[in-house]
Amino acid sequence: MTKTNTGRFFEDYSVGQVIDHAVPRTISGGERALYHALYPSRHALYSSDEFARNCGLPAAPIDDLAAFHVVFGKTVPDVSLNAVANLGYAEGRFLKPVYTGDTLRSRSTVIGVKQNSNGKTGVVWVRTEGLNQNNDVVMSYVRWVMVRKGNVDAPAPDTVVPDLAQTVDAGDLVVPKGLDFSNYDFTLAGEHHRLDDYQIGEIIEHVDGVTIEEAEHMMATRLWQNTAKVHFDATFRPDGQRLIYGGHVISMARALSFNGLANAQMIAAINAGAHANPCFAGDTIRAWTEVLDKADTNAEGVGAIRLRLVATKGRGTDLRGDDGKYLSEVLLDLDYWALMPT
């Protein structure tokens, strides 16, 4: 009897299937320290317990994306171990902050399948929930993945493509209990720009760049217990290169966006996201952001800003070519809501 796990292939998924993922993870202060060592992350709410308490929270939460990576990493052995690529995200909502001492686990439901025309791969859509030790759902998101078939002769399942929202409605954003920016310290936060200082359509170039190192991206991916072969095994791809985990690019771009968006403190939702082109060690990532929308919330001094964060290997703010396709230097196109003082 085979005791090792080769992962699921496309023909192993069916709509409605529920997968409880293995290995819960208790979050420690080391998680935050290593996250901040891997990325130039400087948002004050995640860095200082005192700053967080001044904003009405009991302590500094773990970075939203660090919590996202923990939840995501649990899903990899069951969802994307045999993936060709992680294609996109939608309907992501951050429902409760995650604090040191919380234990996270993940559960996914298959909501769509579609075999590709080559008959060798297919796309699988899953809705994943991250749950804490109290069974509270701390986040929920949809992602879709291109997965290899284990048996190319296996019959194609009936196609089901889920109807996903273009954006999370501002009225559905969850503001953490107690969050209050009425006494927000802009000096300690690092910038004095508040919600009203940003204009819809404004583009912010974030100035800095970071070159991706092979060892660092593998350390990050191991930190999240992400086991996808394309990130570690240089023999898995014909070109002999390890593909950078897309979440590594997201976190790097978000950290770079501090310069110009230091007060976009908490991620409240991910509306859409695409890994436009692969990233490899040696690539230098830069980032720019377009302001897409603004909204009020019911929390004192807290507003919401909708942002398009683009990570690129190039310079400037071009996104697509004349053919409508992403330019080859564009790595990430992420549409998200963040909470910001008004």
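Residues numbered from 1 in each chain as written. Predicted model: local features only at pLDDT ≥ 70, side-chain atom pairs only at ≥ 80, totals over all residues. Heavy atoms only, no water.

Asker: Kindly report on the overall build of the chain, identifying the contributing residues and their values.
Answerer: Scanning the chain for helices and strands turns up eight helices and 11 strands. Expected size for 342 residues packed as a compact globule is a radius of gyration near 20 Å; at 20 Å, the chain falls within 12% of this value. Its C-alpha atoms put the chain at 60 × 50 × 40 Å along the principal axes. Burial analysis of the chain (342 residues in total) assigns 53% to the buried set. (Helix = DSSP H or I, 4+ residues; strand = E, 2+ residues; numbered from the N terminus. Rg over C-alpha atoms; globule rule 2.2 N^0.38 Å. Buried < 20%, exposed > 50% of the residue type's maximum accessible area, 1.4 Å probe, protein only.)

Asker: Give a description of the side chain of Asn 116 that names residues and reports values.
Answerer: Secondary-structure assignment places Asn 116 in the loop between strand 4 (103-115) and strand 5 (121-131). By relative accessible area, Asn 116 is classed as buried at 19%. Discounting chain neighbours no more than four positions away, the residues touching Asn 116 are Thr 121, Gly 122, Val 123 and Met 146. (Contact = heavy atoms within 4.5 Å.)

Asker: Talk me through the packing of helix 1 (residues 29-38) against helix 6 (residues 214-223); I want residue IDs and the actual numbers.
Answerer: Here helix 1 crosses helix 6 at 155°, and the two axes come no closer than 11 Å. Judged on the interaxial angle alone, helix 6 and helix 1 are roughly antiparallel. Handedness of the crossing formed by helix 1 with helix 6: left-handed. When helix 1 is examined against helix 6, the residues Glu 31, Leu 34 and Leu 38 are found in contact with a partner set consisting of Glu 216, Met 219, Ala 220 and Leu 223. In the contact of helix 1 with helix 6, the residues fall into five nonpolar, no polar and two charged. (Axes fitted to C-alpha atoms, helices over the stretch in contact; angles between N-to-C directions. Parallel < 35°, antiparallel > 145°, perpendicular 65-115°, else oblique. Left-handed = near helix turned anticlockwise from the far one by under 90°. Nonpolar A, V, L, I, M, F, W, Y, C, P; charged D, E, K, R; others polar.)

Asker: Before we move on, can you summarise the nonpolar core with the specific residues and values?
Answerer: Counting residues in each nonpolar core, the largest one holds 57 residues, and the members touching the most others are Tyr 39, Leu 104, Trp 224, Val 249, Ile 285, Ile 305 and Leu 307. The dominant element in this core, judged by the number of residues it contributes, is helix 4 (residues 64-79), at eight residues. Leaving out residues up to four positions away in the same chain, Val 249 has contacts with Ile 244, Cys 279, Ile 285, Ala 311, Leu 331 and Leu 332. If you look at the next biggest cluster of nonpolar residues, it comprises 27 residues, including Val 175, Tyr 184, Met 266 and Leu 339. (Core = buried A, V, L, I, M, F, W, Y, C linked by side-chain atoms within 4.5 Å.)

Asker: Explain the packing of aromatic side chains to me, and be specific about the residues and the numbers.
Answerer: A full pass over the atoms with the stated rule returns nine aromatic pairs. Judged by centre distance (5.4 Å) and plane angle (85°), the rings of Phe 51 and Tyr 184 are edge-to-face. Taken together, the residues span a long stretch of sequence, with Phe 51 in helix 3 (residues 49-54) and Tyr 184 in the loop between strand 6 (137-148) and helix 5 (186-189) at a distance of 133 residues. Tyr 184 shares its class with Phe 51; the two are buried. Between Phe 68 and Tyr 89, the ring centres sit 6.0 Å apart and the planes meet at 70°, which makes this aromatic pair edge-to-face. In this pair, Phe 68 is assigned in helix 4 and Tyr 89 in strand 3 (residues 83-94), connecting sequence segments 21 residues apart. Each member of the pair Phe 68 and Tyr 89 is classed as buried. Feature note: the residues Phe 68, Phe 72, Tyr 89, Tyr 141 and Tyr 245 constitute an aromatic cluster, connected by ring pairs. (Phe/Tyr/Trp six-rings, centres within 6.5 Å; stacked < 30°, edge-to-face > 60°.)

Asker: Give a description of the environment of Ala 33 that names residues and reports values.
Answerer: Inspection of the secondary structure assignment puts Ala 33 in helix 1. Between the C-alpha atoms of Ala 33 and Val 142, which are 109 residues apart in sequence, the distance is 28 Å.

Asker: Describe the pattern of salt bridges, and please don't skip the residues or the numbers.
Answerer: Should their charged atoms come close, side chains of opposite charge can pair. Enumeration over the complete set of coordinates arrives at 11 salt bridges. Close ionic contact of Lys 96 with Asp 136 constitutes a salt bridge, the shortest N to O distance being 3.3 Å. With a gap of 40 residues between them, Lys 96 in the loop between strand 3 and strand 4 and Asp 136 in the loop between strand 5 and strand 6 connect regions that are remote in the sequence. On the basis of relative accessible area, Lys 96 is assigned to the partly exposed category, the value being 39%. Overall, Asp 136 belongs to the partly exposed group, its relative accessible area being 26%. The closest approach of N and O atoms between Asp 239 and Arg 237, which form a salt bridge, is 2.8 Å. We classify Asp 239 as partly exposed; its relative accessible area is 40%. (Salt bridge = Lys/Arg side-chain N within 4 Å of Asp/Glu carboxyl O.)

Asker: For helix 7 (residues 246-256), give the residues involved together with the corresponding values.
Answerer: The buried fraction of helix 7 is high, at 11 of 11 residues. Three or more residues of helix 7 are buried, namely Gly 246, Gly 247, His 248, Val 249, Ile 250, Ser 251, Met 252, Ala 253, Arg 254, Ala 255 and Leu 256.

Asker: Could you give an account of the side chain of Glu 91, naming the residues involved and the relevant values?
Answerer: Tracing the chain through its elements places Glu 91 in strand 3. Relative accessible area serves as the criterion here: at 18%, Glu 91 is assigned to the buried category. At 2.9 Å, the side chain of Glu 91 and the side chain of Arg 127 are in polar contact. From its side chain, Glu 91 meets the backbone nitrogen of Ala 165 in a polar contact 2.8 Å long. (Polar contact = N/O pair within 3.5 Å; in protein donor to acceptor, adjacent residues only side chain to side chain.)

Asker: I'd like to hear about the pairing of strand 6, residue by residue, with values.
Answerer: By the bridge criterion, eight bridges tie strand 3 to strand 6 in an arrangement that is antiparallel. Note on strand 6: the bridge partner recorded for Gly 88 is Trp 144. As judged from the 11 bridges shared by strand 5 and strand 6, these two strands associate in the antiparallel manner. The residue bridging Thr 121 from the neighbouring strand is Arg 148, located in strand 6. Counted along the chain from strand 5 to the antiparallel partner strand 6, the turn is five residues long, and its residue Asn 135 has a positive phi close to 65°. (Pairing = 2+ DSSP bridges.)

These figures come from the coordinates and say nothing about function on their own.
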